[in-house]
Amino acid sequence: MNAPHTHTPPFYEAAGNEIEIFEQAWKNRLPLLIKGPTGVGKTRFVAHMAARLGLPLYTVACHDDLTAADLVGRHLLGDGQTTWCDGPLTRAVREGGICYLDEVVEARRDTTVVIHPLADDRRTLPIERTGEVLHAPERFMLVMSYNPGYQNFLKGLKPSTRQRFVSLRFDFPEAGREEAILRGETGCEPMLATQLVSIARRLRSLKDVDLEEVVSTRLLVYAAKLVKVGLDPVEACRSALVESLTDDVEVADALLEVVKATFGR
C-alpha cells in the first residue's frame, strides 16, 4: 500500500474524453470505476489525474488475502497498550485525496462491502471497532479498477458494487497512440516505436497460440527502454515480451519468430 504523494503529472496520452470524465466525477463527488486489460494504463491514468488535480493518492494493490481491516485499520499492541492505526482508506477519508483500489476483484468479496456507504450519496465510512462514522470531505474520491477478462463466477464485481460507480472502459491503444506513448515514455526512435507496436498488434491477433494475456503497452515500454540502452532489439523483445507472456518453449519460439520477422532477422 503506497504512501500518499503528489508530484508533476506523469506522462499520459489520452485516448478520448477520459480526463474530462474523471474531472467531472471529481467535481461532482462521484466514485469512478476503470475497467480494462492488464497494462493499458489504468494505474498510470489515476496517478496522472491525482497529480493534475493536486491530490494525495493512496494506492491499494488488492489481493485475495486483503481484509476489510487492511483498508479501514486495526488496533495494534505496542508498549503494553493498544492503539488504533488507520488503514489507507480511512486516511484518505480523514485527510482528503484519492483512494485507488487497484484490481479490486482480487480482494475478498466481503472487503468491498465496506466501500458501499462511501460510494453512494452518504459518502460515509463507519468504523465498527472505534464506533466512528467518518464523513468524506469534498476532497475525497474513491477510484477502483479491475480486469473484466479475469472475471469468473467466483471473482466478479457484484452488481450492487458496480452500479454505485461511474465507469470508464480502457483498451489497447490504436497504433498511432501506442507509438506516441512509447516515444513519450522512453524517448525512443520513431522507427523502433513503429516496429514494437507492429509486433504487439501481430501478437495480439494470433489465434492459434494459447496465451493467458496478450502483450501490454507496459511491456512494450520495457522493451523500448532496453533497446535504448543498447540491448539488441530481438533480445530486448525476447526478455521484455516473449518470456513475460509464456513459460511454454514452443509458444515462446512462435512468438519470437514474429519478433525476428519484424526486425528482418
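The residue numbering used here restarts from 1 in each chain and proceeds along that chain's sequence as written. Confidence filtering applies because this is a predicted model: local features only for residues at pLDDT of at least 70, side-chain atom pairs given and counted only at 80 or more, and all residues used for totals across whole chains, interfaces and linings. Remark: hydrogens and water are excluded; side-chain values derive from all non-hydrogen atoms of the structure.

Colleague: Talk me through the overall build of the protein; I want residue IDs and the actual numbers.
Modeller: Runs of E in the DSSP output that reach at least two residues are strands. Runs of H or I that reach at least four are helices, and both are numbered from the N terminus. Broken down by element type, the protein carries 11 helices and nine strands. In terms of overall dimensions, the protein has C-alpha extents of about 65 × 40 × 35 Å along its principal axes. Burial statistics for the protein: of 265 residues in total, 49% are counted as buried. To be clear on the numbers: accessible area is Shrake-Rupley with a 1.4 Å probe, and residue cover counts the displayed protein chains and nothing else. A total accessible area of about 13,200 Å² is found for the protein, and carbon and sulfur atoms account for 49% of it. Charged-residue counts in this description rest on Lys and Arg as positive and Asp and Glu as negative, His and the chain ends being excluded. Here the site of a charge means NZ on Lys, CZ on Arg, CG on Asp, or CD on Glu. Taken as two groups, the 32 positive and 37 negative side-chain charges of the protein have centres that lie 5 Å from each other. Each residue gets one of three labels from its accessible area relative to the maximum for its type: buried under 20%, exposed over 50%, partly exposed in between, using a 1.4 Å probe on protein chains only.

Colleague: Tell me about unusual backbone geometry, and please be specific about residues and values.
Modeller: At E103, a residue that is not glycine, the phi angle is positive and equals roughly 55°. In this structure, E103 sits in the loop between β5 (97-102) and α5 (109-112). Given the relative accessible area of 17%, E103 is considered buried.

Colleague: Quick one: what's the story with the sheet that holds strand β9 (residues 166-169), residue by residue and with numbers?
Modeller: Strand pairing follows a simple DSSP-based rule, namely that at least 2 bridges must link the two strands. Judged by pairing direction, the sheet is parallel, and its five strands sit side by side in the order β2-β5-β8-β1-β9 without closing on themselves. Each of the sheet's edge strands pairs with one partner strand only, and the pair in question is β2 (57-61) and β9. Shown here is a sheet whose adjacent strand axes are inclined to one another by a mean of 20°, direction ignored. Pairing geometry for β2 and β5, over five bridges, is parallel. In the strand pairing of β5, L57 is matched with I98. Along the sheet, helix α1 (residues 18-27) makes contact with β1 (32-35), β5, β8 (140-146) and β9, crossing β8 at roughly 135°. Every residue pair with non-hydrogen atoms within 4.5 Å of one another is taken to be in contact. Axis lines are fitted through C-alpha atoms, for helices just across the contact stretch, and the angle between N-to-C directions can take any value from 0 to 180 degrees. Sheet strands touched by helix α2 (residues 42-53): β1, β2, β5, β8 and β9. Its angle to β5, the strand with the most contacts, is close to 175°.

Colleague: A description of the pattern of salt bridges should follow, citing residues and the corresponding values.
Modeller: Take a side-chain nitrogen of Lys or Arg and a carboxyl oxygen of Asp or Glu: if they are within 4 Å of each other, that pair is a salt bridge. All told, the structure shown has 11 salt bridges when counted by the stated rule. E138 serves as the salt-bridge partner of R29, at 3.9 Å between the closest nitrogen and oxygen. Note that R29 is positioned in the loop between α1 and β1 and E138 in the loop between β7 (132-135) and β8, a separation of 109 residues in sequence. We classify E138 as exposed; its relative accessible area is 58%. Across the pair R94 and D86 runs a salt bridge, and its minimum N-O distance is 2.6 Å. Look at R94 and you get partly exposed, because its relative accessible area is 37%. D86 gets classed as buried once you look at its relative accessible area, which sits at 19%. When salt bridges that share partners are traced, they join D86, R94 and E132 into one network.

Colleague: Kindly report on the side chain of K35, identifying the contributing residues and their values.
Modeller: Mapping K35 onto the fold places it in strand β1. With no salt bridge to any partner, buried K35 finds its closest opposite charge in D171, at an N-O distance of 12 Å.

Colleague: Please set out helix α7 (residues 175-186) residue by residue, giving values where relevant.
Modeller: Here α7 is 12 residues long and its end C-alpha atoms lie 16 Å apart, about the 16 Å a rise of 1.5 Å per residue gives. Packing partners of the buried residues in α7 comprise α1, α8 (190-204) and α9 (217-228). Identification of polar contacts relies on pairs of N or O atoms within 3.5 Å, with a donor-acceptor requirement for protein atoms, meaning one able to donate a hydrogen and the other able to accept it, and with residues adjacent in sequence counted only if both atoms are side-chain atoms. Of the residues flanking the start of α7, the one acting as N-cap is E174, its side-chain oxygen 2.9 Å from the backbone nitrogen of G176. A positive phi of about 70° marks G187, the residue just after α7. Here the expected span of a helix is defined as 1.5 Å times the quantity of residues minus one.

Colleague: Please give an account of α9 that cites residues and values.
Modeller: Taking 1.5 Å per residue as the helical rise, α9 with its 12 residues ought to reach 16 Å, and the 16 Å between its terminal C-alpha atoms agrees with that figure. Along α9, the residues that are buried comprise T217, L219, L220, V221, A223, A224 and V227. Contacts made by the buried residues of α9 are with α7, α8 and α10 (233-245). Immediately downstream of α9, the backbone of G230 shows phi near 110°, a positive value.

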